[in-house]
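Listed here are the chains, written in short residue letters.
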Amino acid sequence: MTFTPIAPTTYVPPSLVAKDTYVIHQVQPALGQPLFVYLNSMVILGQQPVIVDTGTPANREQWLKDVFSLVEPNDVRWIYLSHDDVDHTGNLDQAMEACPNAQLVCNWAMIERHTNCFDFPLERCRWVMDGESFDIGDRTLHAFRPPVFDSPTTRGLFDPSTGVFWAVDTFATPLPDPAMGIADLDPDFWEFGMALFALGAVSPWLSMLDTTKYGRFVDTVQNLDITTVAACHSPVIEGPYIERAFTRIRQLPTIDPPMLPDQSVLDQIIAATAHPTA
Ligand SMILES: [Fe+2]
Ligand SMILES: [Fe+2]
């Protein structure tokens, strides 16, 4: 049986978050809760346009439309993969095929881990490690591992010309309404949401960390001159909210891991969605 993912029913068009920089959105309802999760990616225009992560298979048609409404496929020069999770690599094949002039910015570990489902064209690959940079004509982009991540291949992306940091899975949070920005969220809910996702779904090992060492690592990212945080699973974070978001991320190793839904919750979800039999 072939699995056909269900296309999203809520559409949020691409949003301009800084000069030359658009976030491509997908909204996914949370399982069993009246909450929503973003599955974002990004496009940086400019002299050598960059696609940052490639969305999901469920949103393929709309993702391709959204990306190529902003940039001609032949003009795309770089496809930057933050890591090898399916919500970031979902349309990698399609993007590489549509953009013959693009190089794929990845790394060795990504190829080792992801070769089982993607045939990496090595001659089109450029390996960029944590702490390294690459030049895209009118600016240099810097790859940095963000504080919260769920694959060892993860590198965020900082554009010093705009102050935008692509934080990948860091700052992930559910939302009560996909139309809400960070400023619309109840501050307690936002703190809860970031802890729930970070400790429960992205980086459960945070509770094992030495808080001083971890704090120094968070410093290295926070000390970048970030004016806009764009992330896969969060609305854009700007202004004073950047400081608050980093403060929460810094606290994570000291927070008790959240209780996650267990089999009894799955039973309730199934019972609530079961169709009565004739
Ligand atoms: Fe991930
Ligand atoms: Fe993700």
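Residues numbered from 1 in each chain as written. Chains lettered and ligands numbered in written order. Predicted model: local features only at pLDDT ≥ 70, side-chain atom pairs only at ≥ 80, totals over all residues. Heavy atoms only, no water.

Asker: Mind laying out the state of the cysteines, listing which residues take part and the relevant values?
Answerer: Summed over the entire model, instances satisfying the criterion amount to zero disulfides. Among the cysteines around Cys-125, which has no disulfide bond, Cys-106 carries the closest sulfur, lying 3.8 Å off. (Disulfide = S-S within 2.5 Å.)

Asker: Summarise the layout of surface pockets; cite the residues concerned and give the values.
Answerer: Its boundaries defined by the atoms lining it, the largest pocket holds a volume of some 1100 Å³. If you list the elements that add at least two residues to the lining of the largest pocket, you get β3 (27–29), α2 (86–89), α5 (187–202) and α8 (263–273). For the lining of the largest pocket, the element with the highest residue contribution is α5, accounting for six residues. Of the residues that constitute the lining of the largest pocket, the class distribution is 28 nonpolar, ten polar and three charged. A volume near 280 Å³ is recorded for the second largest pocket. Lining of the second largest pocket is provided by 22 residues; of these, Met-180, Gly-181, Ile-182, Pro-235 and Val-236 occupy positions nearest its centre. Elements that contribute at least two residues to the lining of the second largest pocket include exactly β1 (15–18), β14 (228–231) and β15 (234–238). Ranked by residues supplied to the lining of the second largest pocket, first place goes to β15 with five residues. (1 Å grid on protein atoms, 1.4 Å probe; cavity = no way out; pocket = protein on both sides within 12 Å on 5 of 7 lines; lining within 4 Å. Points joined across faces, edges and corners; volume = space filled by probe spheres on them. Helix = DSSP H or I, 4+ residues; strand = E, 2+ residues; numbered from the N terminus. Nonpolar A, V, L, I, M, F, W, Y, C, P; charged D, E, K, R; others polar.)

Asker: Describe the coordination of the iron ion (ligand 1), naming the residues involved and giving the relevant values.
Answerer: Bound to the iron ion (ligand 1) on the protein side are His-83 (NE2), Asp-85 (OD), Asp-150 (OD), Asp-150 (OD) and Asp-169 (OD), at distances that span 2.0 to 2.5 Å. The distance between the iron ion (ligand 1) and the iron ion (ligand 2) comes to 3.5 Å, and Asp-169 binds to both of them. With Asp-85 in the loop between β7 (78–80) and α2 and Asp-150 in the loop between β11 (140–144) and β12 (156–159), this pair connects stretches of sequence that are 65 residues apart. (Donors = N, O, S within 2.8 Å, 3.2 Å for Na, K, Ca; no water.)

Asker: If you had to explain the environment of Phe-246 to someone new, which residues and values would you point to?
Answerer: Checked against the element boundaries, Phe-246 lands in helix α7 (residues 240–251). Sequence spacing of Phe-246 and Val-76 is 170 residues, and the spatial spacing of their C-alpha atoms is 32 Å. With near-sequence residues (within four places) excluded, Phe-246 lies in contact with Phe-171, Val-218, Val-221, Gln-222 and Ile-226. (Contact = heavy atoms within 4.5 Å.)

Asker: Break down the packing of helix α6 (residues 211–222) against α7 for me, citing the residues and quoting the values.
Answerer: Put simply, α6 and α7 touch, their axes get as near as 10 Å, and they point 160° apart. On the basis of their axis angle, the class for α6 and α7 is roughly antiparallel. In the packing of α6 onto α7, the handedness of the crossing is right-handed. Contacts between α6 and α7 pair Tyr-214, Gly-215, Val-218, Asp-219, Val-221 and Gln-222 from the former with Glu-243, Phe-246, Ile-249 and Arg-250 from the latter. A breakdown of the residues in the contact of α6 with α7 according to their chemical character gives five nonpolar, two polar and three charged. (Axes fitted to C-alpha atoms, helices over the stretch in contact; angles between N-to-C directions. Parallel < 35°, antiparallel > 145°, perpendicular 65-115°, else oblique. Left-handed = near helix turned anticlockwise from the far one by under 90°.)

Asker: Tell me about a nonpolar patch on the surface, residues and numbers included.
Answerer: A surface patch of nonpolar side chains, amounting to about 320 Å² of accessible area, comprises Trp-205, Met-208 and Leu-209. Topologically, Trp-205 is positioned in the loop between α5 and α6. (Patch = residues over 30% accessible without salt bridge, like charges linked within 9 Å, V, L, I, M, F, W, Y side chains within 5 Å. Areas by Shrake-Rupley, 256 points an atom, 1.4 Å probe, with all protein chains shown as cover. Salt bridge = Lys/Arg side-chain N within 4 Å of Asp/Glu carboxyl O.)

Asker: Which residues make up unusual backbone geometry, and what are the values?
Answerer: Phi angles above zero are rare outside glycine, and Asp-53 is one such case at about 70°. Checked against the element boundaries, Asp-53 lands in the loop between β6 (50–52) and α1 (60–70). With a phi angle near 55°, Val-168 is a residue other than glycine that sits in the positive phi range. Relative to the assigned elements, Val-168 resides in the loop between β13 (164–166) and α5. Its relative accessible area of 0% is what places Val-168 among the buried residues. (Buried < 20%, exposed > 50% of the residue type's maximum accessible area, 1.4 Å probe, protein only.)

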